[in-house]
Amino acid sequence: MQQKFAYVKDINVNGVSEWANRNGFTLEELAWIQPGYPTTVKSFDMKGGLDGTVYAIVQDPSSQTIYAAGKFSKSKLGVSCNNLAAWISGFAGFDWVSVNGGVNGTVYALLIKNNKLYVGGEFSMAGSVVAKNIAVYNIASGQWEAMGSIDSTVHALCFYNDTLFAGGNFSDY
């Protein structure tokens, strides 16, 4: 009981590392989720960020690209993004770029699977493609694809048994 409120890295009891490993954790992971520890990854401001609200972020597992979506029009440095932006590593370092024109309304949900970025929200166009509240961006080809039509806002997306599920304020698709 003497170390009941101790931080993981300060616990002086044999077996803590073994317990963590048996349960699928490292001591660094346990310390990361424990309140009060500083971040273990160097943070930076992502060139000032975006000029509005971000509602969803997802990382492409096959690259260092991070996608951010929400209600914004450009990066703080002036790159036009239209509610969907990619944080990518380029010739001169990391920067925000547009995702083929973005979408013409707010994005609330992002999901990546099989090199495709699924986007849900409240919009009618994705790039130059008619896409009512749901669309998919083919990361490999750089092209938008329509996915049918949902009659109102999409707030959540997930895959289960290779079927895409959407949640939100809609009653018809």
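For the structure, check the block above.
Residues numbered from 1 in each chain as written. Predicted model: local features only at pLDDT ≥ 70, side-chain atom pairs only at ≥ 80, totals over all residues. Heavy atoms only, no water.

1. Observations regarding the pairing of strand β5 (residues 106-113)
No. 1: The buried fraction of β5 amounts to six of the eight residues, a majority that puts the element mostly inside the structure.
No. 2: Sheet topology note: the β5/strand β6 (residues 116-122) ladder contains seven bridges and is antiparallel. Bridge pairing in β6 links valine 107 to glycine 121.
No. 3: Counting the residues that bridge the hairpin from β5 to β6 gives two residues, and of these asparagine 114 lies at a positive phi of roughly 50°. (Buried < 20%, exposed > 50% of the residue type's maximum accessible area, 1.4 Å probe, protein only. Helix = DSSP H or I, 4+ residues; strand = E, 2+ residues; numbered from the N terminus. Pairing = 2+ DSSP bridges.)

2. Description of the pattern of salt bridges
No. 1: Considering all chains together, one arrives at two salt bridges under this definition.
No. 2: Here aspartate 162 makes a salt bridge to lysine 113, at a shortest N to O gap of 2.9 Å. Remark: lysine 113 occurs in strand β5 and aspartate 162 occurs in the loop between β11 (154-160) and β12 (163-168); sequence separation between them is 49 residues.
No. 3: A relative accessible area of 23% places lysine 113 in the partly exposed class.
No. 4: The partner of glutamate 145 in a salt bridge is lysine 116, and the shortest N-O contact between them spans 3.6 Å. Of this pair, glutamate 145 sits in strand β10 (residues 143-146) while lysine 116 is found in strand β6, placing the two residues 29 residues apart along the sequence. (Salt bridge = Lys/Arg side-chain N within 4 Å of Asp/Glu carboxyl O.)

3. Describing the sheet that holds β10
No. 1: Judged by pairing direction, the sheet is antiparallel, and its four strands sit side by side in the order β5-β6-β9-β10 without closing on themselves. Of all the strands in the sheet, just β5 and β10 have a single pairing partner and so form its edges. The sheet shows a mean angle of 25° between the axes of neighbouring strands, taken without regard to direction. (Axes fitted to C-alpha atoms, helices over the stretch in contact; angles between N-to-C directions.)

4. Here's the deal with the nonpolar core
No. 1: Counting 20 residues, the largest nonpolar core has Tyr67, Leu84, Leu110, Leu117, Val119 and Trp144 as the members making the most contacts within it.
No. 2: The dominant element in this core, judged by the number of residues it contributes, is β5, at three residues.
No. 3: Among all residues touching leucine 84, those that are not within four sequence positions of it are Ala68, Ala69, Phe72, Val99, Gly102, Leu110, Leu117, Val119 and Trp144.
No. 4: Ranked by size, the runner-up nonpolar core spans eight residues in total, among them Ala109, Leu111, Val136 and Ile150. (Core = buried A, V, L, I, M, F, W, Y, C linked by side-chain atoms within 4.5 Å. Contact = heavy atoms within 4.5 Å.)

5. Topic: the pairing of β11
One face of the sheet, then the other: side chains in a regular strand alternate in exactly this way.
No. 1: The sheet contact formed by β11 and β12 spans six bridges and is antiparallel. Across the sheet, residue valine 154 finds its bridge partner in β12, namely glycine 168.
No. 2: Between β11 and the antiparallel strand that follows it, β12, lie two residues; asparagine 161 among them carries a positive phi value of about 50°.

6. Overview of the side chain of asparagine 138
No. 1: The residue asparagine 138 is located in strand β9 (residues 134-138) in this model.
No. 2: Once residues lying within four places of it in the same chain are set aside, the contact partners of asparagine 138 are Asn115, Lys116, Gln143 and Glu145.

7. As for the side chain of aspartate 60
No. 1: For aspartate 60, the location among the structural elements is in the loop between β1 (53-59) and β2 (66-71).
No. 2: No salt bridge forms around the buried aspartate 60; measuring N to O, its nearest opposite-charge neighbour lysine 113 is 13 Å away.
No. 3: Ignoring any residue separated from it by four or fewer positions in sequence, one finds aspartate 60 in contact with Thr65, Tyr67, Ile112, Asn115 and Ile139. (Lys, Arg positive; Asp, Glu negative; His and termini not counted.)

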